[in-house]
Structures are given as C-alpha cells and as structure tokens.
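Letter by letter, the chains look like this.
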Amino acid sequence: MSKKSAYLSLAFSLFIVIGGGSGFYFLHDYYKSSTVEATSSLGEKVKPIEQEVESLDLKSVIHETQKSVVQIEVNLKDGTSSGSGFLYNSDGDVITNAHVIEGAEKIIVKTSDAKQFEAQIIGMGETTDIAVIRVPGLKDYSPLPVTESRMAEVGDDIIALGSPLGLQNTVTTGIISGLDRKFILEPYRYEHIYQISAPITNGNSGGPLIDGKTGEAIAINSAGTDTGAIGFSIPLPNVIEQIKKWTEEPGEITVNEESKEAISTPQGLTGEDFKENATYLLGYFYESLSTQDYVTAYSLLGSRWQSNMTYESFRNGYIHTLDVEVSNMTGSLNKTNDEVKVTATIKADERTEDKKTTTSLYNVTYQIGYENDQLKILSGKAEKLK
C-alpha cells in the first residue's frame, strides 16, 4: 500500500500500484466522451467467448473480460485505499495482490455493472504478493479464464485491466517486454515476473494481465515505475498452485447472509459519488451495445422498463446501429437523493433498410436509481436533433 514505500533503486524507481485515499467512486473519462462501435446484421448469432475466443476482436475481448474484473475498496484503521482483482472460480473467489488487502478491516468489491459486495480474506502471501478473497455475492458468476501452465513470450500482445486512481474498468495495451525480472519491495519478493509496456499505476494492483488474442488471464499486475512507462506482473503459472490451495482449503472465515446481498447506496455515499456511479452505469450500457452484448445491456434496465419492452424488441431496436459517439454526459441528483438524471448527446451511425448509412444526433435523458439493491436504468427518452 501507499504506507509501504520501499522503492527499489535500479535505473528508475518502482512502486506497488495500489491507490491510496478514497478513490473508489470516480468515473473514468473514457465514458465522459467515448466512441463506441458495433457491426451487426439482423438475425446473426453471436458466439460466446468460450466457444470462439481466437476470433474475437480487441473490443470484444476487453468487454468480456471486464465482466470478471472488480474494483476493491479497503477500509483501513487510518483511512481507505483501493485496488483491483478478478474472479477466479464459481465460488466467488477473487485473485488480487496481498498488498491491496493488507491491514483491511473491511473489504468491498464493485463489479463492472456497479453492484457492490462484501468480501473476506481466505489466503494471503507473506513474501509472495498474492492473495485470494471470497465474495459470497459473486458465487456462480462466470470467472475469468486463467492460464495455468503456458508462459508468455517477449512480444506477446497484452491488455492490462484495473482501476487506476479509482477509475474503474480502465484498459491499457502493450506487449510483454521482458521476462524473468527480479526485485524486492519489502516484505514482498518478486521473482521470474513479466515486464510489460502497458502503462499501469496506483490502483491497478491485483488486476489481470490478459492475453490479447485468447482473452485469458496470464498474470497479476503488481508494480510499476514512477514514470508509468514500465509495469511488472506476476505470472499465474508461478503461483496457481498456492491459489488453488487457498480456494480448496480456505482459512477460517465467517460468511453472514448479508454479505451475499448486493450493497445498495453505501453508507456515507455522497451525492457526487451517486452521480458518478450513475454516469458510469450508462457508459457501461453503451459499451455493452457497442459489442453486441444486448443481454448485458438489457439487464441494466429497471423491471418496469423491461415489463414494457421484451428483449427481442430491445435488441431489434439497436441491431442496425453501427457507430455511436457519446459526449456531454452529466448527472444531477433529484430532490429526494434517490435518483440521478443523466443527460448526454448521442451521435449514431445507423444502417437503413436499403443498406445505406445515415448519421443522426440525439439528446438523451435517463433516470437511474437503485432497484432491489441494484443500480438500474429506470427510464429514458431520446429527442432527435435536426
């Protein structure tokens, strides 16, 4: 954590990439002004990631893996800090770094669709910077595919996912730029680790390093340089046996029924944080549409909206949408502080019936709030601009 400033002096300074302070509810600028793309044809079936991983493009790999990546908020005796992690199995076990959760009095994880759950430590290294936390609320969720034996090679394309500086679902890309690196950041010893060119910084700790072609997690992002130009990741094949042991024989933990339920508006959540969560969710909604993940996008709608629109009607409404540019996204809290109105400008390229492309501008307005302890898009409308 930020308290452990045991930097190694080589030709540069190394740091453990965990975020200090209360950066848990910040919105990634990616969603403030983002361009999303999708190509689709009516009636075309989309194959699941596990059936045809190799054929997926970069955007699809990122979107699918993000579903299994979580942001980790840690309450400490003297403050808070944040990091990242990823779902390892259907028991709700999440892999992260030991330094992310060291000294934790309470651990909260936040999923890509803005759900929040409590977690308990089931295994933590003393000199090896790995840990596993159990999240009962994520039981039976789809885990991230993990490579257990194949080692990466220099030049392999990689994707680093995590929540640097509290900015959830941040993505950086690069290559494996070195192998078998070794250094010490007390009390942790890093040996035979990957050097990567994908920038990582505070808060990336514990997030997965993804193979850009297969979508598998190949390592745990753990440390970086003070310039952010070089990062270091622990190869999963080197630590997978210890991770398995912890998940199969967890340390003594207490799981109460409340920890299985999603946390609604967390105690102490300010209006500004609520607005950030709401705008983040709408950004994730558009990202899901951009990758033809209509199932996820539809699941973000409130029950009343879903009761008035079937999934088939929802999908058909977006099937001819090609490029979508989202800008000017802002949120405002209502007088009772239980809903956020989010407005944005949408520039959409749409395929017409004669297979031509037309560009349209819309002003959109959404009401976003908690429903059964889950953040949902409750209603929305769009006004087409001339």
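The structure reproduced in this document is the subject of the present report. Sequence positions are assigned chain by chain, starting from 1 and proceeding in written order. Local features in this predicted model are restricted to residues whose pLDDT is 70 or higher, and side-chain atom pairs enter the listing and the counts only when it is 80 or higher, whereas totals over whole chains, interfaces and linings include all residues. The side-chain numbers reported here are obtained from all heavy atoms of the structure, hydrogens and water having been left aside.

1. Regarding the pattern of salt bridges
By salt bridge we mean one thing: a side-chain nitrogen of Lys or Arg within 4 Å of a carboxyl oxygen of Asp or Glu. Summed over the entire model, instances satisfying the criterion amount to nine salt bridges. Linking lysine 67 and glutamate 64 is a salt bridge whose minimum nitrogen-to-oxygen distance equals 3.6 Å. In this structure, the salt-bridge partner of lysine 115 is aspartate 113, at a minimum N-O distance of 2.7 Å. Exposure remark for lysine 115: the relative accessible area of 13% places this residue in the buried category. Burial classes: relative accessible area under 20% of the type maximum marks a residue as buried, over 50% as exposed, and values in between as partly exposed (1.4 Å probe, protein chains only). The buried category is assigned to aspartate 113, whose relative accessible area is 16%. One network of salt bridges, in which partners are shared, links Glu64, Lys67 and Asp293.

2. Quick look at the nonpolar core
Inside soluble globular proteins, nonpolar side chains tend to come together where they are buried. Put simply, buried Ala, Val, Leu, Ile, Met, Phe, Trp, Tyr and Cys residues joined by side-chain atoms within 4.5 Å make one nonpolar core. Judged by nonpolar contacts, the single largest core of 47 residues is most densely connected at Val109 and Leu236. The element best represented in this core is strand 4 (residues 69–76), accounting for five residues. Residue contacts are counted whenever heavy atoms from the two residues lie within 4.5 Å of one another. Residues contacting valine 109, with those up to four places away along its chain left out, are Val70, Gln71, Ile72, Lys115, Gln116, Phe117, Ala119, Ile133, Val135 and Leu138. By size, the runner-up hydrophobic cluster in this structure holds 32 residues, among which are Tyr294, Leu301, Val340 and Leu375. Where helices and strands are cited, they refer to DSSP runs of H or I of at least four residues and of E of at least two residues respectively, numbered from the N terminus.

3. A closer look at the packing of aromatic side chains
Each aromatic ring pair is summarised here by two numbers: the centre-to-centre distance and the angle between the ring planes. Whether two aromatic rings pair depends on their centres lying within 6.5 Å, for rings of Phe, Tyr and Trp, where Trp uses its six-membered ring; planes under 30 degrees apart make the pair stacked, over 60 edge-to-face, and the rest tilted. Considering all chains together, one arrives at twelve aromatic pairs under this definition. The interplanar angle of 75 degrees and the centroid separation of 5.5 Å between the aromatic rings of phenylalanine 285 and tyrosine 286 together place this pair among those described as edge-to-face. The class of phenylalanine 285 is buried, set by a relative accessible area of 1%. The buried category is assigned to tyrosine 286, whose relative accessible area is 6%. Following the ring pairs from residue to residue traces out a cluster consisting of Phe285, Tyr286, Tyr298, Trp305, Tyr311, Phe314, Tyr318 and Tyr366. For a ring to carry a charge above it, either NZ of a lysine or CZ of an arginine must fall within 6 Å of the ring centroid while also lying within 35 degrees of the normal to the ring plane. Here the guanidinium or amino end of lysine 110 rests over the ring plane of tyrosine 280, the centre of that ring lying 5.4 Å away.

4. Section: the pairing of strand 18 (residues 357–371)
Strands pair, by our definition, only if DSSP identifies at least two bridges between them. Pairing of strand 17 (residues 339–351) with strand 18, which is carried by 13 bridges, proceeds in the antiparallel orientation. Paired with glutamate 350 across the strands is threonine 358, a residue of strand 18. Taking the residues between adjacent antiparallel strands as the criterion, strand 17 and strand 18 are bridged by five residues, where lysine 355 takes a positive phi near 65 degrees. When strand 18 meets strand 19 (residues 374–385), the two strands line up antiparallel, connected through eleven bridges. Counted as the bridge partner of glutamate 371 is glutamine 374 from strand 19. Where strand 18 folds back onto strand 19 in an antiparallel hairpin, the turn is made up of two residues, including asparagine 372, whose phi is positive at roughly 50 degrees.

Structural measurements only, silent on function.
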